[in-house]
Amino acid sequence: MLGVGALAWALWLGSATPMPDAVRIPPVASRPKGSSLPPALFRHGSHGQFTCYACHPSLFPQYPEGFTHAQMHDGGYCGACHEGTAAFSIREAACEACHVPR
């Protein structure tokens, strides 16, 4: 038999919003003229070695928020890890690495 605390925890877990696998980053600036690339697509599954709290809410709010390449180059958002040491550098990555169709 479940205790009251365990039952409350199980009910809360069952009602929690599931994590989306893919999140399209909302653009905050106009796309370069002639660009056919979509806004960047973040996939939680490719970052599965981390817990939610590794990035939320310190680097990202828990809702889609747009940001710029300049902010990433300054170490914000994706740039906190994708700086060339912890993970590949966004400065050296092909645009299509992040700006992909679903």
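Bear in mind that the values here come from a model prediction, so they are computed numbers and not experimental data. (Residues numbered from 1 in each chain as written. Predicted model: local features only at pLDDT ≥ 70, side-chain atom pairs only at ≥ 80, totals over all residues. Heavy atoms only, no water.)

## Brief notes about the pattern of salt bridges
Then comes step 1: Across all of its chains, the model carries one salt bridge by this definition.
Then comes step 2: The salt bridge involving arginine 43 is made with aspartate 21; its shortest N-O contact spans 3.1 Å. Separated by 22 residues along the polypeptide, arginine 43 in strand 2 (residues 41–43) and aspartate 21 in the loop between helix 1 (4–15) and strand 1 (22–24) bring together distant segments of the chain.
Then comes step 3: Owing to a relative accessible area of 31%, arginine 43 belongs among the partly exposed residues under this scheme. (Salt bridge = Lys/Arg side-chain N within 4 Å of Asp/Glu carboxyl O. Helix = DSSP H or I, 4+ residues; strand = E, 2+ residues; numbered from the N terminus. Buried < 20%, exposed > 50% of the residue type's maximum accessible area, 1.4 Å probe, protein only.)

## Quick notes on the packing of aromatic side chains
Then comes step 1: Under the definition given, this model contains three aromatic pairs.
Then comes step 2: For the ring pair phenylalanine 67 and tyrosine 77, a centre distance of 4.2 Å and an interplane angle of 10 degrees mean the geometry is stacked. Residue phenylalanine 67 is found in the loop between strand 2 and helix 2 (69–73), and its partner tyrosine 77 is found in the segment after helix 2; the two are separated by ten residues along the sequence.
Then comes step 3: Among the aromatic residues, those joined into a cluster by ring pairs are Phe60, Phe67 and Tyr77. (Phe/Tyr/Trp six-rings, centres within 6.5 Å; stacked < 30°, edge-to-face > 60°.)

## Here we look at the nonpolar core
Then comes step 1: Formed by Ile25, Ala40, Phe60, Phe67, Met72, Tyr77 and Ile90, the largest nonpolar core amounts to seven residues.
Then comes step 2: The contacts of isoleucine 90, once residues within four sequence positions are left out, are Met72, His73, Gly79 and His82. (Core = buried A, V, L, I, M, F, W, Y, C linked by side-chain atoms within 4.5 Å. Contact = heavy atoms within 4.5 Å.)

## Quick look at the side chain of histidine 82
Then comes step 1: By secondary structure assignment, the location of histidine 82 is in the segment after helix 2.
Then comes step 2: You can call histidine 82 buried: its relative accessible area is 14%.
Then comes step 3: Among residues more than four places away in sequence, those in contact with histidine 82 are His47, Ala87, Phe88, Ser89 and Ile90.

## A short note on unusual backbone geometry
Then comes step 1: In this model, histidine 56 is joined to proline 57 through a cis peptide bond whose omega is 0 degrees.
Then comes step 2: Within the secondary structure, proline 57 is located in the loop between strand 2 and helix 2.
Then comes step 3: Even without being glycine, tyrosine 77 reaches a positive phi, approximately 50 degrees.
Then comes step 4: Looking at tyrosine 77, the relative accessible area reads 16%, which means it is buried.

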